[in-house]
Amino acid sequence: MLNGHRYIPTHFNSFLKSFDTTGKSVMHVPHSIQKFSNIPGLHLYHNVFDIQMQGQLVKNVLALKRQIVACQQTKTRQSASAQIPQPQVVRSSAHNLAEERSFIPLHIEDVSIDSNGKLKCEHFDVYGSGSHSLTYFQRNRNIPHFAHTSIINPILKRMDETQNVAQDVQKDVDMLVWRMTMNCYDVETDRKSADLPDLRKNPQIETALFPFHVDIAQNGIVTMVVTLGSAGCIQFAASSEAIAASPHSTDFPTEDSPETIILPTGSVLVAAGPSRWEFMHRVLDLASRNGTPKMPRYSLVFGCQ
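Basis of the calculations
Residues numbered from 1 in each chain as written. Predicted model: local features only at pLDDT ≥ 70, side-chain atom pairs only at ≥ 80, totals over all residues. Heavy atoms only, no water. Buried < 20%, exposed > 50% of the residue type's maximum accessible area, 1.4 Å probe, protein only. Helix = DSSP H or I, 4+ residues; strand = E, 2+ residues; numbered from the N terminus. Pairing = 2+ DSSP bridges. Axes fitted to C-alpha atoms, helices over the stretch in contact; angles between N-to-C directions. Phe/Tyr/Trp six-rings, centres within 6.5 Å; stacked < 30°, edge-to-face > 60°. Lys NZ or Arg CZ within 6 Å of the ring centre and 35° of its normal.

(A) Molecular detail of the pairing of strand β10 (residues 222–228). Across the 7 residues of β10, 7 count as buried, placing the element largely inside the fold. Where burial is concerned, the two faces of β10 agree: the one with Val 222, Met 224, Val 226 and Leu 228 and the one with Thr 223, Val 225 and Thr 227 are both buried. With 7 bridges connecting them, β10 and strand β15 (residues 297–304) associate as antiparallel partners. The residue of β15 that forms the bridge with Thr 223 is Gly 303. The sheet contact formed by β10 and strand β13 (residues 268–271) spans 4 bridges and is antiparallel. If you follow Val 225 over to β13, its bridge partner there is Leu 269.

Structure below.
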């Protein structure tokens, strides 16, 4: 029992299945799972989405982003014409930053399905930095159709970590409640990222988009991060509670010496058990090297309970 959360060990299959958008298995491929012995419950699944599927997911993310921008602009014009203080924003204290951020509640069209339905979301136009926007889609009915058909149903629901959540909360896996966070990291044109040293040599050189933190419980019992567009970077450090619970351990990463993990495109990082509740994490701005311009990055973060 960890901070009131039961940890169920994860067991791994000898292969991962590749699925089409209907959820039907189309091929078997050898799995590639990176484990972290110093961070129990943390696993990085490589090559979950092939290049073709990554391209389709990025296309869906960009279409969703355009819907958000259009809805935000419409809402601003309507507020201005009605002489109402605008934009309509709500202060949010329940987030991972040291400073307050404001979000705009929106209702947008789900462009990934031919439907008149609307998705309710909360959009932070500026979050971790000036080039980072974040949008929350809470509960299953507000998560875009493409995320259900291409990510949640064929991939995430079939992972052992999700099956363990269902067992823990005594629900059928199809009855779990999901939440999706869409992070868009655009290119900062005023930054000469190619001049920065290699992140692996000095990870403290890079800009931390968030301070070290543990995600709020509302985000889900497990955290699953899908990386798209270009590679990402995340660091983990043991919390004071984890260190106090194992005072003789010398393997835990710390804030001064964190575990730095590169997130390849098409991968899924899964934090369950101790890694979810007893270890802090933060996202770093991974700069390009060798003179190659930095590419936009998108991460879809899922949680269920």
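Picking up where we left off.
(B) Layout of unusual backbone geometry. The backbone phi angle of Arg 139 is positive, close to 75°, even though this residue is not glycine. Mapped onto the elements of the fold, Arg 139 is located in the loop between β8 (132–138) and α2 (145–152). Located in the positive-phi region is Gln 170, a residue other than glycine, with phi close to 60°. In this structure, Gln 170 sits in the loop between α3 (160–169) and β9 (178–185).

(C) Structural context of the sheet that holds strand β14 (residues 279–284). Spatially, 3 strands are ordered β12-β11-β14 in an open sheet, and the strand pairing comes out antiparallel. Every interior strand has two partners, whereas the edge strands, β12 (259–263) and β14, have only one. Going from strand to strand, the sheet's axes swing by 25° on average, the running direction of each strand aside. The pairing of strand β11 (residues 232–238) with β14 spans 6 bridges and is classified as antiparallel. Opposite Ile 234, over in β14, you have Val 283 as the bridge partner.

(D) Representation of the packing of aromatic side chains. Counted by the stated rule, this structure contains 3 aromatic pairs. For the ring pair Phe 103 and Phe 124, a centre distance of 5.4 Å and an interplane angle of 55° mean the geometry is tilted. Taken together, the positions of Phe 103 in strand β6 (residues 101–109) and Phe 124 in strand β7 (residues 118–124) put the pair 21 residues apart, joining distant regions of the chain. The class of Phe 103 is buried, set by a relative accessible area of 15%. Owing to a relative accessible area of 1%, Phe 124 belongs among the buried residues under this scheme. Both rings, one in Phe 252 and one in Phe 279, keep their centres 5.4 Å apart while their planes meet at 90°; by these two values the pair is edge-to-face. Taken together, the positions of Phe 252 in the loop between α4 (240–245) and β12 and Phe 279 in strand β14 put the pair 27 residues apart, joining distant regions of the chain. Given the relative accessible area of 2%, Phe 279 is considered buried. Chaining the aromatic ring pairs together yields one cluster made of Phe 103, Phe 124 and Tyr 136. Arg 276 extends its terminal NZ or CZ atom over the ring of Trp 277, reaching a point 4.0 Å from the ring centre.

Bear in mind that shape data such as this cannot, by itself, settle questions of function.
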